[in-house]
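As a plain string of letters, each chain reads:
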Amino acid sequence: MHDLVATSPLGGPRPRTGNFGSVVISECPGWALASVAARRGKEKTMATSAKKLLGFALPGVSSLANNGTYTAFWTGPDQWMIEAPHASHEDLAEQIKSALGDKASVTEQNDGWARFDLTGTGCHDVLERLCNANTRAMQTGAVTRTRLEHLGCFVICRAKNDHFSVIGPRSSAGSIHHALTTAAKSAL
């Protein structure tokens, strides 16, 4: 029998947090993720079933919707990423598959991505040094896909001016974290 120990995307036993003046950068591994893509010809029935499961309509282009438990953000035409607390939704993909049936293709993404949250008034100063997303113009609930340190990432505005999430490939978590902390040290 193996005694496996969960590690965060940065390889530690606990998530890493750092304070950089007016910004706190936190590693956030406590979220289950699943991608959802409507199957051809079943877009409307899938959207209805998803609304019933999530408690809200799937969001449109470059936006997110949530209800406190589930968050969904648009990733492409008829495609979304769904997140929920890992502690209560470790099997999120299976829950979604059960609810949507053959109307959608659902893929577990739990260990494919790393999420870092930036909180505080200096978020824009950090992010504008790393990517071309105009975070100062983003409203709460806006999502954009951009390049950050040569990596494709999602930047999510969770609260205008002081809470952003960066979601990027878990295999590059160290590079993303290094870029964020280096930019924070430079900006603040």
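Residues numbered from 1 in each chain as written. Predicted model: local features only at pLDDT ≥ 70, side-chain atom pairs only at ≥ 80, totals over all residues. Heavy atoms only, no water.

Turning next to the environment of Arg 158. Inspection of the secondary structure assignment puts Arg 158 in strand 10 (residues 151-159). C-alpha of Arg 158 to C-alpha of Thr 119: the two residues are 39 residues apart in sequence and 9.5 Å apart in space. Discounting residues that sit within four places of it in the chain, Arg 158 has contacts with Thr 71, Glu 83, Arg 115, Thr 140, His 163, Phe 164, Ser 165 and Ile 167. Among the polar contacts made by the side chain of Arg 158, one reaches the side chain of Glu 83 at a distance of 2.9 Å. (Helix = DSSP H or I, 4+ residues; strand = E, 2+ residues; numbered from the N terminus. Contact = heavy atoms within 4.5 Å. Polar contact = N/O pair within 3.5 Å; in protein donor to acceptor, adjacent residues only side chain to side chain.)

Attention now moves to the nonpolar core. Of all hydrophobic cores here, the largest spans 26 residues; its most connected members are Leu 118, Leu 127, Leu 148, Val 166, Ile 176 and Leu 180. At the level of secondary structure, the elements contributing two or more residues to this core comprise strand 2 (23-27), strand 8 (113-119), helix 4 (123-127), strand 10, strand 11 (163-169) and helix 5 (173-187). If you tally residues by element for this core, the top one is helix 5, at 6 residues. Contact partners of Val 166, with chain neighbours within four places excluded, come to Ala 114, Arg 115, Phe 116, Leu 118, Leu 127, Leu 148, Cys 153, Phe 154, Val 155, Ile 176 and Leu 180. By size, the runner-up hydrophobic cluster in this structure holds 21 residues, among which are Phe 56, Ala 72, Ile 82 and Ala 84. (Core = buried A, V, L, I, M, F, W, Y, C linked by side-chain atoms within 4.5 Å. Buried < 20%, exposed > 50% of the residue type's maximum accessible area, 1.4 Å probe, protein only.)

This part takes up the sheet that holds strand 2. An order of 1-2-8-11-10-9 is seen for the 6 strands of this open sheet, with the pairing classed as antiparallel. Each edge of the open sheet carries a strand with a single partner, namely strand 1 (17-20) and strand 9 (143-148). Averaged over all neighbouring strand pairs, the angle between strand axes comes to 25°, with direction disregarded. Across 4 bridges, strand 1 lies against strand 2 in antiparallel orientation. In the sheet register, Asn 19 faces strand 2, and the bridge partner there is Val 24. (Pairing = 2+ DSSP bridges. Axes fitted to C-alpha atoms, helices over the stretch in contact; angles between N-to-C directions.)

Attention shifts here to the sheet that holds strand 4 (residues 64-66). Sheet architecture is open: 5 strands sit in the order 4-5-6-3-7, paired in antiparallel fashion. If you trace the sheet from one side to the other, it starts and ends with strand 4 and strand 7 (104-108), each paired once. Sheet twist, expressed as the mean angle between neighbouring strand axes with direction ignored, is 25°. In the sheet, strand 3 (residues 31-38) pairs with strand 7 via 5 bridges, with the strands oriented antiparallel. Directly across from Ala 34, in strand 7, lies its bridge partner Glu 108.

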